[in-house]
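Letter by letter, the chains look like this.
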Amino acid sequence: MFALKQLYRGSSNLFKANKNTTQLFSLLAKYQQPMMIMNQNRWFSAFVNHRDTEDNREDTPFEFTPENYEQINEIIAKYPSNYKHSAVIPLLFVAQKQNANFLTLSAMNKIAKILDMAPMQVYEVASFYTMFNRTKVGKYHLQVCGTTPCMLRGARDVMQAIREYAHINNDEISEDGLFTISEVECLGACVNAPMMQVNNEWFYEDLTPENTIALLEKWKKGEEPNVGPQINRNCSEGPLGRTSLFKPEEIEGVHERDFVEVKKQYDEAKAKAAAAAAAAKK
Amino acid sequence: MLKLFYNAAKQRSLSQATTSASLIRNSQRMFRSSAQMNQQFNVYIDGRPVKVDASYTIFQACQEAGYHILSLISYIESRFLDSAIMKDYQLPATAECAQSKQKDLQNQQITQPLITLQLAACATNVRPDLKVITKSEKTRIARGGVMEFLLANHPLDCPICDQGGECDLQDISTVYGYQEGRFMEYKRAVEDKNIGPLIKTSMTRCIHCTRCVRFTEQIAGEFTLGQVGRGKYNEISTYIENMVTNELSGNVVDLCPVGALNNLPYSFQARPWELKSNYTVDVMDGLGSNIDVHIRGSDTLRILPRINEEVNEEWISDKSRHAFDGLRKQRLHIPLLRKPDGSFGELTWEEALNKAAEVLSSVKGDEIHGMIGQFNDVESMLAFKDLLNRLNCDNVDVRKNAPHFKADFRNQYLSNSRIIGIDETDLLLLVGCNPRLEAPVLNARIRKAVGVNGLQVGIIGSATNLGYDYVHLGNSPKTLQELAEGKHPYLQQRLAKAELPMILVSAQTLERSDGEGIMNYIYKLAENTKLINKKEKWNGINILHTEASRVGALDLGIVPQTNVTKKPKVVYILGQDNFRHEEIPEDAFVIYQGHTGDEGAYYADLILPGASYLEKSALFVNTDGRPQQSRGAQQPPGFAREDWMILRALSEQLGCPLPYDSLDEIRTRMAELAPHLVRFDVIEPSGFEELGLKAEESKLKLNNTALTDNIDNFYQTDSISRNSMIMARCTKELNPKKQFNFKEHVQTWMTH
Ligand code: SF4
Ligand code: FES
């Protein structure tokens, strides 16, 4: 008893008042509840280390498509040649996208070869980021945001609805191979909380359990639902509708500047100024 | 361990001071390297001013001031000048520091209150006029806090952990830790990994200092270990099933501050306080690495490296570390005589010596052939030579097929620019030499030089994975010939331009029939390059010896005999096991004196049991020409005796007693022959004159076959490692040439 009390000393006010052991244990059990929920966390079920599976072994074939090779060359060209390995994250994304959101071991090895890195270094990067799926996911990878704003607006209910509808736990694939749900951190669409991102690309916002199920049903039928808010809301406007930026056409030019042209003008102006300065000097 | 580390730090700063000038002179700074910092200023450690370099961390400044913060900071940053790689786990090395605002540009004092910050000492660089307070209540609490975090996930394994008693975490928690922790949640657990037959993993104990990762990547040059996952799920792992296969892998066990990586063969054998430490030198390669042999009772339990910045830094190879278990097998511990039926019968020493004397005196002096092996100390070789000379026998050699050395001058067979020369040279040419297998510790030094001062490496020989980039010039001596004759573009482009070039040729390559030609072409190459740079006192011609006894033998003037015509009737083998079958005539009487029943003993008619390198106090000379003393802490097993004593006793029986009775006396005799041998740990300068390094036009013959790898199995090269269980396992599992298929064998593969 004494030892236990010592153990809990200072860990939480909750325990200070408790004097009998059984109560302490029951409280301990209660305290551990949130820990149990963590077991559904995606890294826990998917081991950090690689495990050979039928579709993910060292000898599983993987080859980038010619279009993707073009893209890869473009990406690599952005970095100095001795820092080629800086391109590893974009390349991992290219590979993952090509392979139905599934980053296989052979894909990582391929990238290591392209970037002259040790395979281990690629594994280190890929296993650090939760956006890389090193285990197979469904056709629609539902990444539901669980961070505070979304959670307060009902993200847990949305998740529960999805889990019940598709009969899956976090990070599992539904029987029809369509859905995988995982909890992710804030995706920056908190104004429209709760929200989810699908396949690292499309945002579905303003979710309720009902409209989420409607989305899933549409996918199941093979339809593509509209992205964006799922309630009667335009973009991220508040309840009062649009309150600023009433004339978007006036500011359009700013967003559509032709940088090549601008650069040319700048260079010309600079050359002119230099010439003028030279003339003045004479 | 900690003490060791601090000594290392001190030694390192000394040796850095001596070599840094040349380092900077020769270095082509790499893009990645941090800027060269030589600004010096004062900082105040607990009020005491210390002058430090701007590149120092607070941690180093504290050390400079004589105050040691216990820390798990790595050795590695200071080895690599590249502080950008630093990703250390910041441990209890917090120091409270009060930093006065710097004076502004106009040098006017701004009166501002001092800011007090708590900083991680090992991660923060010093700034001018920094005032560091190392002892305050706040710091004590901060250190305890860090300690508490560290221990949160560290298992309470100490009673069953092999690191117990020499664990950095234990030490630190004793000094800085709180009496009790407040952590009450689940501790995490991590699965153990199979990373080879030498390293036992208990990954739950890992505190993610990443020393092992950085060692394998930066020093050993192998990228198999890594840090995968993140946060709570962070692990040190190989990700896929993979093994650490480099020849220095055993060192990660020493590096690991906790018991996560342990010495597998030594696991559950002993506690550190039961062990007696014995400083001696290693004989597994020509480097003469300094080792610390740990003994309990009559058992050698493990071998650890000792720090010697000029030889092995703080690493040893896996063979040096683990092969000693071969000394428990096949030992010769009693004199044996071959009976007519081919089996051996035991003898007493008296009978054995009588027999030997009888045989030796029954033939003429020139019918005796003496062969010296690779583990012999200078004393026994001297006694051997003296004894056979007294019997009018001059035919004492290392081996018939031994490399073609001239031994008129010392610089003809030494590594003239020494091991530390690698830190200074700006171009290294390896000729038929694979340092990764022949001297792994040397290879780590080369790798460091490649990384730190941009050393360029060129190779003539087989192109293998050495862990660093090199230019492969060709794989036959013909390339060397082209270089020497000025026909190869590499000469003009690089070699001729290098200020302090260095050439490293393996002694085993010189065993080829054209060894002499190769050596002569190297001398020739020296004529039109700066291989011998008198101005800089630089001699860049190096021979890398792979046998521990070779340089000592050459110092005593024992060279291969080429003009022997008479077929020997008695062959006296002193511990030689790597000879060719035809070197011993069928009908000769063979006396074998040595410690292990290997090749040599199979040929023997009479066996005189000797002592191994762990059992004798003797001298070994390394490839640099550095005489080092070994200290035996054990008795040879059974009736085995130290080799020179056996020879002394035999001389008595032969009626020509050798004039020395004790180690001192034999060393006095040694000093007469070669005075430099008794100046321990000092390298006698070989002279920078090209004495004896002239090419002889008549001997420029090459046979132009490819230069192949001299060693195909690093783990089993000699009588000790051939009898070692651990080395046999390494051969099976780690040697890529043996094609061990991990996937197929993993079922039968047992680690724990
Ligand atoms: S295994 Fe040891 S050396 Fe490697 S990171 Fe863990 S504690 Fe550090
Ligand atoms: S909290 Fe969910 S998107 Fe920001």
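In this text, all values refer to a predicted model and were calculated from it rather than measured experimentally.

K.L.:
Provide a residue-level description of the overall build of chain B, including the pertinent values.
P.N.:
Of the regular secondary structure elements, chain B holds 23 helices and 28 strands. Residue burial in chain B is summarised as follows: out of 752 residues, 61% are buried. About 30,000 Å² of surface is accessible on chain B, with carbon and sulfur atoms providing 50% of the total.

K.L.:
Tell me about the overall build of chain A, residues and numbers included.
P.N.:
The helix and strand tally for chain A stands at 13 helices and five strands. The buried share of chain A, reckoned over its 282 residues, is 37%. For chain A, the proportion of contacts with a sequence separation of at least 24, taken over those separated by at least 6, is 60%. With an accessible surface of roughly 17,500 Å², chain A has 56% of that area assigned to carbon and sulfur atoms.

K.L.:
I'd like a rundown of the UniProt feature "domain: 4Fe-4S His(Cys)3-ligated-type" (unreviewed entry) in chain B, residues and numbers included.
P.N.:
Here the UniProt feature "domain: 4Fe-4S His(Cys)3-ligated-type" (unreviewed entry) sits at residues 138-177 of chain B. Secondary structure content for residues 138-177 of chain B is 60% helix and 0% strand, and the end C-alpha separation is 14 Å.

K.L.:
Any chance you could break down the packing of aromatic side chains for me, citing the residues and the numbers?
P.N.:
Enumeration according to the criterion identifies 14 aromatic pairs over all chains in this entry. Ring plane angle 55° and centroid distance 6.4 Å describe the contact between A:Phe179 and A:Trp219, whose orientation is recorded as tilted. Residue A:Phe179 is found in strand S2 (residues 179-184), and its partner A:Trp219 is found in helix H11 (residues 209-221); the two are separated by 40 residues along the sequence. Residue classification places A:Phe179 among the buried residues on the basis of a relative accessible area of 1%. Put simply, the rings of A:Phe93, A:Phe128, A:Tyr129 and A:Phe132 touch in pairs and so form one group of aromatic residues. Between the NZ or CZ atom of B:Arg230 and the centre of the ring of A:Phe128, over which it lies, the distance is 5.1 Å.

K.L.:
An account of the pairing of strand S25 (residues 589-594) of chain B is requested, with residue identities and associated values reported.
P.N.:
All names here are of chain B. Most of S25 sits inside the fold, with six of its six residues counted as buried. Here S25 shows two buried faces, one formed by Phe589, Ile591 and Gln593 and the other by Val590, Tyr592 and Gly594. Here strand S24 (residues 570-574) pairs with S25 via five bridges, running parallel. Paired with valine 570 across the strands is phenylalanine 589, a residue of S25. Note that S25 and strand S26 (residues 606-609) share four bridges and pair parallel.

K.L.:
Please give an account of the nonpolar core that cites residues and values.
P.N.:
All names here are of chain B. In this structure, Val43, Val126, Leu430 and Tyr613 are the most contacted members of the largest nonpolar core, which totals 99 residues. Setting aside residues up to four positions removed in sequence, tyrosine 613 forms contacts with Val281, Asp282, Val283, Met284, Ile291, Ile303, Phe324, Leu327, Phe620, Ser630 and Ile720. The next biggest cluster of nonpolar side chains, apart from the first, holds 83 residues, and it includes Ile591, Leu606, Leu619 and Ile646.

K.L.:
Describe the environment of B:Asn392, naming the residues involved and giving the relevant values.
P.N.:
Residue and element names in this part refer to chain B. One can find asparagine 392 in the loop between helix H10 (378-390) and strand S16 (396-397). When its relative accessible area of 63% is taken as the criterion, asparagine 392 is described as exposed. Placed 28 residues apart in sequence, asparagine 392 and lysine 364 show a C-alpha to C-alpha distance of 7.8 Å. Setting aside chain neighbours within four positions, we find asparagine 392 in contact with Gly365 and Asp366.

K.L.:
Tell me what's going on with the site of ligand 1, and back it up with residues and numbers.
P.N.:
Around ligand 1 there are 13 residues in total, and B:Cys206, B:Cys209, B:Thr210, B:Cys212 and B:Cys256 lie nearest to it. A breakdown of the residues in the shell around ligand 1 according to their chemical character gives 11 nonpolar, two polar and no charged.

K.L.:
I'd like a description of the packing of helix H6 (residues 88-98) of chain A against helix H7 (residues 105-114) of chain A, backed by residues and values.
P.N.:
Between two packed helices, what matters for the description is the angle formed by their axes and the separation of those axes. All names here are of chain A. In the contact formed by H6 and H7, the axes pass within 10 Å of each other and the chain directions differ by 140°. As far as their axial angle goes, H7 and H6 are oblique. Like other packed secondary-structure pairs, H6 and H7 cross with a definite hand, here right-handed. From H6, Val88, Leu91, Leu92 and Ala95 reach across to H7, where they touch Ala107, Met108, Ile111 and Ile114. By residue class, the composition of the contact of H6 with H7 is eight nonpolar, no polar and no charged.

K.L.:
Which residues make up the side chain of B:Glu547, and what values do they have?
P.N.:
All names here are of chain B. Among the structural elements, glutamate 547 can be located in the loop between strand S23 (541-544) and helix H17 (550-555). Owing to a relative accessible area of 8%, glutamate 547 belongs among the buried residues under this scheme. Here arginine 550 takes part through its side chain, which lies 2.8 Å from a polar atom of the side chain of glutamate 547.

K.L.:
Got a sec to walk through the packing of helix H4 (residues 137-152) of chain B against helix H5 (residues 168-176) of chain B? Specific residues and values, please.
P.N.:
All names here are of chain B. Remark: H4 packs on H5, axes separated minimally by 10 Å, with the N-to-C direction vectors making an angle of 140°. By the angle between their axes, H4 is oblique relative to H5. Considering only the axes of H4 and H5, their crossing is left-handed. Across from Arg143, Gly144, Met147, Leu150 and Leu151 in H4, the residues of H5 making contact are Leu169, Ile172, Ser173 and Tyr176.

K.L.:
Residue-level account of the pattern of salt bridges, with values.
P.N.:
Residue and element names in this part refer to chain B. One pass over the structure, following the stated rule, counts 38 salt bridges over all chains. Its salt-bridge partner being glutamate 148, residue arginine 182 comes within 2.9 Å of it at the nearest N-O pair. Here arginine 182 is found in the loop between H5 and strand S6 (199-201), whereas its partner glutamate 148 is found in helix H4, with 34 residues between them in sequence. Exposure remark for glutamate 148: the relative accessible area of 17% places this residue in the buried category. One salt bridge in this structure joins arginine 205 and aspartate 157, with 2.8 Å as the shortest N-O distance. Of this pair, arginine 205 sits in the loop between S6 and helix H6 (211-219) while aspartate 157 sits in the loop between H4 and H5, and the two are 48 residues apart along the sequence. For the pair arginine 205 and aspartate 157, one class covers both residues: buried. Taken together, the shared-partner salt bridges in this structure form one network comprising Glu313, Asp423, Arg445 and Lys448.

K.L.:
Go over the sheet that holds strand S20 (residues 501-506) of chain B with me, naming the residues and quoting the values.
P.N.:
All names here are of chain B. Spatially, five strands are ordered S19-S18-S17-S20-S23 in an open sheet, and the strand pairing comes out parallel. Of all the strands in the sheet, just strand S19 (471-474) and S23 have a single pairing partner and so form its edges. Adjacent strand axes in the sheet meet at a mean angle of 25° when their direction is disregarded. Those strands touched by helix H16 (residues 515-527) are strand S17 (427-431), S20 and S23, and its axis lies near 155° from that of S23.

K.L.:
Can you lay out the sheet that holds S26(B) for me, pointing to particular residues and giving the numbers?
P.N.:
All names here are of chain B. One open sheet holds the seven strands; their spatial order is S14-S13-S26-S25-S24-S15-S16, and the pairing between them is mixed. The sheet is open, and its two borders are formed by strand S14 (344-346) and S16, each paired with just one other strand. Here H10 sits on the sheet and contacts strand S15 (368-372), S16 and S24; the angle it forms with S15, its principal contact strand, is near 175°. Strands in contact with helix H19 (residues 643-654) are S24, S25 and S26; relative to S24, the strand with the most contacts, it is inclined by about 150°.

About the cut-offs
Residues numbered from 1 in each chain as written. Chains lettered and ligands numbered in written order. Predicted model: local features only at pLDDT ≥ 70, side-chain atom pairs only at ≥ 80, totals over all residues. Heavy atoms only, no water. Helix = DSSP H or I, 4+ residues; strand = E, 2+ residues; numbered from the N terminus. Buried < 20%, exposed > 50% of the residue type's maximum accessible area, 1.4 Å probe, protein only. Areas by Shrake-Rupley, 256 points an atom, 1.4 Å probe, with all protein chains shown as cover. Contact = heavy atoms within 4.5 Å. UniProt positions renumbered as here; feature names shortened; annotations may be inferred. Phe/Tyr/Trp six-rings, centres within 6.5 Å; stacked < 30°, edge-to-face > 60°. Lys NZ or Arg CZ within 6 Å of the ring centre and 35° of its normal. Pairing = 2+ DSSP bridges. Core = buried A, V, L, I, M, F, W, Y, C linked by side-chain atoms within 4.5 Å. Near = heavy atom within 4 Å. Nonpolar A, V, L, I, M, F, W, Y, C, P; charged D, E, K, R; others polar. Axes fitted to C-alpha atoms, helices over the stretch in contact; angles between N-to-C directions. Parallel < 35°, antiparallel > 145°, perpendicular 65-115°, else oblique. Left-handed = near helix turned anticlockwise from the far one by under 90°. Polar contact = N/O pair within 3.5 Å; in protein donor to acceptor, adjacent residues only side chain to side chain. Salt bridge = Lys/Arg side-chain N within 4 Å of Asp/Glu carboxyl O.

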